[in-house]
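Remarks on the overall topology
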Amino acid sequence: MNKDSNSYTLIYASVMVILVAFVLAFASEALRPQQAKNEEIDKMRQILAAINIPSTNNNAEELYSQYIVNTYNVNALGEKTEGDPFSTELENELRKPEEQRYYSVYEANIEGKTKYILSLRGAGLWGALWGFVSLNEDKDTVYGIVFGHEGETPGLGAEISQNSFAQQFVNKRIFNRSGEFVSIAIVKPGKTAQGQDYVDGISGGTITSNGVDVMIKSSLKAYESFLIKK
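Computed from a prediction, not measured in an experiment: that's the story for all the values here.

Section: the environment of S134
Here S134 is to be found in strand β5 (residues 128–135). The sequence separation of S134 and Y116 amounts to 18 residues, and the corresponding C-alpha distance is 5.2 Å. Apart from residues no more than four positions distant in its own chain, S134 is found in contact with A50, I51, Y116, I117, T141, V142, Y143 and G144.

Here we look at the packing of aromatic side chains
Applying the stated criterion to the full structure yields nine aromatic pairs. Judged by centre distance (6.1 Å) and plane angle (65°), the rings of Y72 and F226 are edge-to-face. A residue pair is termed long-range when its members are at least 10 positions apart, and Y72 in strand β1 (residues 68–74) and F226 in helix α6 (residues 224–227) qualify at 154 residues. Residue Y72 is classed as buried on the basis of its relative accessible area, which comes to 6%.

Comments concerning the nonpolar core
Residues L118, F147, F169, V212 and I216 are the most contacted members of the largest nonpolar core, which totals 32 residues. Mapped by element, the contributors of at least two residues to this core are β1, β3 (103–110), β4 (113–123), β5, β6 (142–149), α4 (163–166), α5 (206–222) and α6. Of all the elements, α5 adds the most residues to this core, at four residues. Residues contacting I216, with those up to four places away along its chain left out, are L120, I145, F147, F169, S183 and I186.

Here we look at a nonpolar patch on the surface
The grouping of I11, V15, M16 and L19 at the surface amounts to a nonpolar patch, some 330 Å² of accessible area in total. By secondary structure assignment, the location of I11 is in helix α1 (residues 6–50). In this structure I11 comes out as partly exposed when scored by relative accessible area, which is 45%.

Observations concerning the layout of surface pockets
By volume, the largest pocket is sized at about 450 Å³. Lining of the largest pocket is provided by 18 residues; of these, E39, K43, Q46, E89 and F132 occupy positions nearest its centre. Contributing elements (two or more residues each) for the lining of the largest pocket: α1, α3 (90–93), β4 and β5. Here the residues of the lining of the largest pocket sort into six nonpolar, five polar and seven charged. Considering only enclosed or pocket space, the second largest pocket measures out at about 240 Å³ in volume. Taken together, 17 residues line the second largest pocket, and the ones lying closest to its centre are A49, N52, I145, V146 and N163. Mapped onto the lining of the second largest pocket, the elements with two or more residues apiece are α1, β6 and α4.

Quick look at the sheet that holds strand β2 (residues 80–81)
A sheet is described by the order of its strands in space; here six strands give the open sequence β2-β1-β3-β4-β5-β6, paired in antiparallel fashion. Pairing within the sheet leaves two strands with one partner each, and these edge strands are β2 and β6. In this fold helix α2 (residues 60–67) packs onto β1 and β3, with an angle of close to 80° to the strand it touches most, β1.

A word on the pairing of β6
Counted residue by residue, β6 has six buried out of eight residues, so it is predominantly covered. Sheet topology note: the β5/β6 ladder contains seven bridges and is antiparallel. Considered in β6, the bridge of V133 is made with I145. Between the end of β5 and the start of β6, which pair antiparallel, lie six residues, with K139 showing a positive phi angle near 55°.

Focus on the environment of K221
One can find K221 in helix α5. K221 sits 47 residues away from I174 along the chain, and the two C-alpha atoms are 9.7 Å apart. A distance of 2.6 Å separates a polar atom in the side chain of K221 from a polar atom in the side chain of E224.

Details of the pairing of β3
Taking burial as the measure, the eight residues of β3 include seven buried ones, the bulk of the element. Of the strand pairs in this sheet, β1 and β3 are connected by six bridges, and their pairing is antiparallel. Each residue of the ladder has a partner; that of Y72, found in β3, is V105. Relative to β4, β3 is paired through six bridges, and the arrangement is antiparallel. Note on β4: the bridge partner recorded for A108 is K115. Where β3 hands over to β4, the hairpin turn is made up of two residues, of which E111 adopts a positive phi near 55°.

About the cut-offs
- Residues numbered from 1 in each chain as written.
- Predicted model: local features only at pLDDT ≥ 70, side-chain atom pairs only at ≥ 80, totals over all residues.
- Heavy atoms only, no water.
- Helix = DSSP H or I, 4+ residues; strand = E, 2+ residues; numbered from the N terminus.
- Contact = heavy atoms within 4.5 Å.
- Phe/Tyr/Trp six-rings, centres within 6.5 Å; stacked < 30°, edge-to-face > 60°.
- Buried < 20%, exposed > 50% of the residue type's maximum accessible area, 1.4 Å probe, protein only.
- Core = buried A, V, L, I, M, F, W, Y, C linked by side-chain atoms within 4.5 Å.
- Patch = residues over 30% accessible without salt bridge, like charges linked within 9 Å, V, L, I, M, F, W, Y side chains within 5 Å.
- Areas by Shrake-Rupley, 256 points an atom, 1.4 Å probe, with all protein chains shown as cover.
- Salt bridge = Lys/Arg side-chain N within 4 Å of Asp/Glu carboxyl O.
- 1 Å grid on protein atoms, 1.4 Å probe; cavity = no way out; pocket = protein on both sides within 12 Å on 5 of 7 lines; lining within 4 Å.
- Points joined across faces, edges and corners; volume = space filled by probe spheres on them.
- Nonpolar A, V, L, I, M, F, W, Y, C, P; charged D, E, K, R; others polar.
- Pairing = 2+ DSSP bridges.
- Axes fitted to C-alpha atoms, helices over the stretch in contact; angles between N-to-C directions.
- Polar contact = N/O pair within 3.5 Å; in protein donor to acceptor, adjacent residues only side chain to side chain.

This is the structure in structure tokens:
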């Protein structure tokens, strides 16, 4: 076959495309276990951050085993159920009918005190929001919280992932004095919220702040039956 012919060029290009596709598919499959492991470690780090334990990729597993002493799922009635909470993703559960959903609970031991770590999931300006919140033994007062986002604007909505924003939630309560679930409001700086604890939102990040507000309220509302079981 003439190397200068169109047929040769087409066949050569096709073979190269097939080879490249094969190599990429092989590389992707080979890296899949490591990618899954990295995702597990990242999740451990987020859970640890919710109880104010800093970690690295190198020590996250050790610290997770040290501080997380119990894990389980609960259903909409607040009852413990079977299943692996670590592989239960709130994003997937929210697509199910409410009565079929499962919610992850992680119990941590901090200086002899139990902390309950719950999952959060919502939507921001440009994509998904998520996080974990830890509550004290009263299942009411926030001990720590951490937020993540898919693509909020740097310097604006992305500030929700900063410790300075998360620290505002510490010692805030999600139930009012009458024992009713009210969540924690996020308000414009300088404003207040009637009948519930509140924190300042992100200046210039109103839509993201509103997304976090809705996320916290809807996510914790799903755990209400569990939380009122003292």
